[in-house]
Amino acid sequence: MKVIGTGSALPSLTVSNDDLATFLDTSDAWISTRTGIKTRHLLSNETLYDLAVEAANKAISASGLTPDQIDFLLVSNVANEHITPGLSCIIQKRIGVTCPGLDINVACAGFVNALMLADDMMKAGRAKYVLIVCAEEPSKYCNWQERDTSILFGDGAGAVVLGPGNAFKNVHLTMISDRDVLYYERHMEKTPFEQKQVEGQPLMMKGKDLFRTAVSESAKDVQKVLEEEKVSASDVDYYLLHQANKRIIEGIRSILGQPEEKFPTNIEKYGNTSSASIPILLDEMLAENKIKKGDKIVMSAFGAGFVSAACLWEWE
Ligand code: UT7
């Protein structure tokens, strides 16, 4: 499997830390120092579906394929306005693909998990070309009265088209059941029978616990995938890590003992766009011709669950 096209899309509205400080007890200094975030793009007059379609169309166009050549559509999303049907069904018609698809929810690690599924589908002969779309609107499930989570997130979508090749080398997935570290409970309808009613509540997070687990588990995932492929950390050209917090990236970097220039970031501009963060970063790096044939690339992400995942590519 190899990447043959990428695309990304961001909402038109840019919101700065100073903008947030007009209604939250926070400051640009606190947010920049603790997270690295300066601005984020938030949905205002467009929908998540628009972003998903734009990113997907750009990726298909970059791949040189026509939409009808896509054999499978994998969509990664944590939550959107529709509980059913899935986001893959909603966008299928607008991007002109005719193939089946499915939605996955592996929180911010959705992209790396989707890559594993795409690779397995190709190896099984089930698909030649797979389109992955990661589309996220975390701004819609944060509590905007609270400063602890709302400052972290941004909305966005990233997409990749995958085709035959030998670039995808290996993947390692981790799941540690720990709901309380990060969760969003949705409202469910009242039944005449149930004793306990869940009313739903916005995103809840134990930031410090999540921070610690993210650094240690992500570093372990990366080390595991490198070990299995007999590749040393210094052989890797770029580490494309989930853009959740610059200090988390720094923590992983210091465990791996690798120089800063191998860890590109765009969290400054976009905040944490959940599972879309790595495909958006990848799309930007390819657009800037930063990735060359033969480069060894690690991707690694973590999120609610607790889940984490890492994979290794040798770019073709
Ligand atoms: O995709 C996964 C999603 N989530 C994450 O990856 C989040 C992982 N965790 C983190 O990134 C960090 O834990 C945070 C950025 C969320 C918080 O940073 P921290 O260094 O762990 O800060 P803290 O929660 O310990 O808070 C330190 C202080 C507290 O005040 P006191 O108790 O020291 O007086 C907070 O009340 O900073 C205060 N604080 C804020 N101040 C200004 C918390 N949020 C804010 C804020 N603005 N937005």
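Keep in mind that what you see is a predicted model, and the values were worked out from it rather than measured.

*Asks:* Lay out the site of the ligand with the relevant residues and their values.
*Replies:* Around the ligand sit 20 residues in total, of which Thr26, Arg34, Arg147, Asn245 and Asn272 are the nearest. For the ligand, an oxygen atom lies 3.1 Å from a polar atom in the side chain of His242. When the free accessible area of the ligand is taken as 950 Å², the share hidden by the protein chains comes to 74%. Elements that contribute at least two residues to the shell around the ligand include exactly α2 (28-35), α7 (207-228) and α8 (246-256).

*Asks:* Talk me through the pattern of salt bridges; I want residue IDs and the actual numbers.
*Replies:* For the structure shown, the criterion picks out 16 salt bridges. For Asp25, the salt bridge is made with Arg147, and the minimal N-O distance between the two is 3.4 Å. Within this pair, whereas Asp25 is found in the loop between α1 (17-21) and α2, its partner Arg147 is found in helix α6 (residues 147-150), the two being separated by 122 residues in sequence. The exposed category is assigned to Asp25, whose relative accessible area is 61%. Under the relative-accessibility criterion, Arg147 is labelled partly exposed at 46%. Notably, a salt bridge pairs Glu268 with Lys246, separated by 2.6 Å at the nearest N-O pair. Taken together, the residues Glu268 in helix α9 (residues 267-270) and Lys246 in helix α8 connect sequence positions 22 residues apart. Counted as one network, the salt bridges with shared partners bring together Arg179, Asp180 and Glu185.

*Asks:* Outline the sheet that holds strand β12 (residues 296-303), supporting the account with residue identities and numerical values.
*Replies:* Strand order in the open sheet formed by four strands is β8-β13-β12-β11, and the pairing between neighbours is mixed. Edge positions in the open sheet fall to β8 (168-175) and β11 (238-241), since each of these has one partner strand only. Taking each pair of neighbouring strands and ignoring which way they run, the sheet shows an average axis angle of 15 degrees. In terms of strand pairing, β11 meets β12 through four bridges, oriented parallel. Opposite Tyr239, over in β12, you have Val298 as the bridge partner. Packed on one face of the sheet, α7 meets β8, β11, β12 and β13 (307-314) and runs near 35 degrees to β13. The strands touched by helix α10 (residues 277-287) are β11 and β12; relative to β11, the strand with the most contacts, the crossing angle is about 140 degrees.

Each value, and the rule that gives it
- Residues numbered from 1 in each chain as written.
- Predicted model: local features only at pLDDT ≥ 70, side-chain atom pairs only at ≥ 80, totals over all residues.
- Heavy atoms only, no water.
- Near = heavy atom within 4 Å.
- Polar contact = N/O pair within 3.5 Å; in protein donor to acceptor, adjacent residues only side chain to side chain.
- Areas by Shrake-Rupley, 256 points an atom, 1.4 Å probe, with all protein chains shown as cover.
- Helix = DSSP H or I, 4+ residues; strand = E, 2+ residues; numbered from the N terminus.
- Salt bridge = Lys/Arg side-chain N within 4 Å of Asp/Glu carboxyl O.
- Buried < 20%, exposed > 50% of the residue type's maximum accessible area, 1.4 Å probe, protein only.
- Pairing = 2+ DSSP bridges.
- Axes fitted to C-alpha atoms, helices over the stretch in contact; angles between N-to-C directions.
- Contact = heavy atoms within 4.5 Å.

Treat this as a map of the structure, not an account of what it does.
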